[in-house]
Amino acid sequence: MDKPILEEATFEFSQEANCMSQNDGAEFLEIKCLSDTGIDRAKTCFYVLKTDGWSIDNLDELKELFDRIHKTLFPEQLKKDNATSNRKSR
């Protein structure tokens, strides 16, 4: 039997609301990862964000979320990136 193919993925995040938020003490962010041919086939995806309010203090916080998703979906790319950077540092 063939290995199952990942078509799409959804990640849901939550955090405490900011001091000016109208939310009930929490903020929620949904990030969908989609690809027209499926994530496994394309080896990449595009991102669709859905929120009623998500606060960040700086761009690094948002980058950390996408890095976390990328590491989950594409661990083999992380291994390749690490191998390449190890060769460059020698």
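Structural data are supplied above this passage.
In what follows, the accompanying structure is described. (Residues numbered from 1 in each chain as written. Predicted model: local features only at pLDDT ≥ 70, side-chain atom pairs only at ≥ 80, totals over all residues. Heavy atoms only, no water.)

1. Regarding the overall build of the protein
Inference 1: Scanning the protein from N- to C-terminus turns up three helices and three strands.
Inference 2: For the protein, the sequential pattern of α-helices and β-strands runs β-β-α-β-α-α.
Inference 3: Burial analysis of the protein (90 residues in total) assigns 19% to the buried set.
Inference 4: Taking contacts inside the protein between residues at least 6 apart in sequence as the whole, the part at least 24 apart equals 44%.
Inference 5: For the protein, the computed accessible surface area is about 7300 Å², with 50% contributed by carbon and sulfur atoms. (Helix = DSSP H or I, 4+ residues; strand = E, 2+ residues; numbered from the N terminus. Buried < 20%, exposed > 50% of the residue type's maximum accessible area, 1.4 Å probe, protein only. Contact = heavy atoms within 4.5 Å. Areas by Shrake-Rupley, 256 points an atom, 1.4 Å probe, with all protein chains shown as cover.)

2. Comments concerning the state of the cysteines
Inference 1: The full count for this structure, using the stated rule, is zero disulfides.
Inference 2: Residue Cys-45 stays outside any disulfide, its sulfur separated by 4.1 Å from that of Cys-33, the closest cysteine.
Inference 3: A residue is classified by how much of its surface remains accessible, and Cys-45, at 13% relative accessible area, is buried. (Disulfide = S-S within 2.5 Å.)

3. Thoughts on the side chain of Ser-35
Inference 1: Locating Ser-35 in the fold gives a position in the loop between strand S2 (26-34) and helix H1 (39-42).
Inference 2: When near neighbours in sequence (up to four residues on either side) are disregarded, Ser-35 contacts Glu-7, Ala-42, Thr-44, Cys-45 and Phe-46.

4. Considerations on the pattern of salt bridges
Inference 1: This structure, assessed with the given rule, holds two salt bridges.
Inference 2: Residue Glu-7 is joined to Arg-41 by a salt bridge in which the shortest nitrogen-to-oxygen separation is 3.1 Å. You can see Glu-7 sitting in the segment before strand S1 (9-16) and its partner Arg-41 sitting in helix H1, a full 34 residues away along the chain.
Inference 3: Look at Arg-41 and you get partly exposed, because its relative accessible area is 48%.
Inference 4: Where Asp-67 meets Lys-63, a salt bridge forms, and the shortest distance between an N and an O atom there is 2.8 Å. Of this pair, Asp-67 and Lys-63 both sit in helix H2 (residues 59-73), four residues apart, which is roughly one turn of that helix.
Inference 5: Taking the relative accessible area as the measure of exposure, Asp-67 reaches 31% and is therefore partly exposed. (Salt bridge = Lys/Arg side-chain N within 4 Å of Asp/Glu carboxyl O.)

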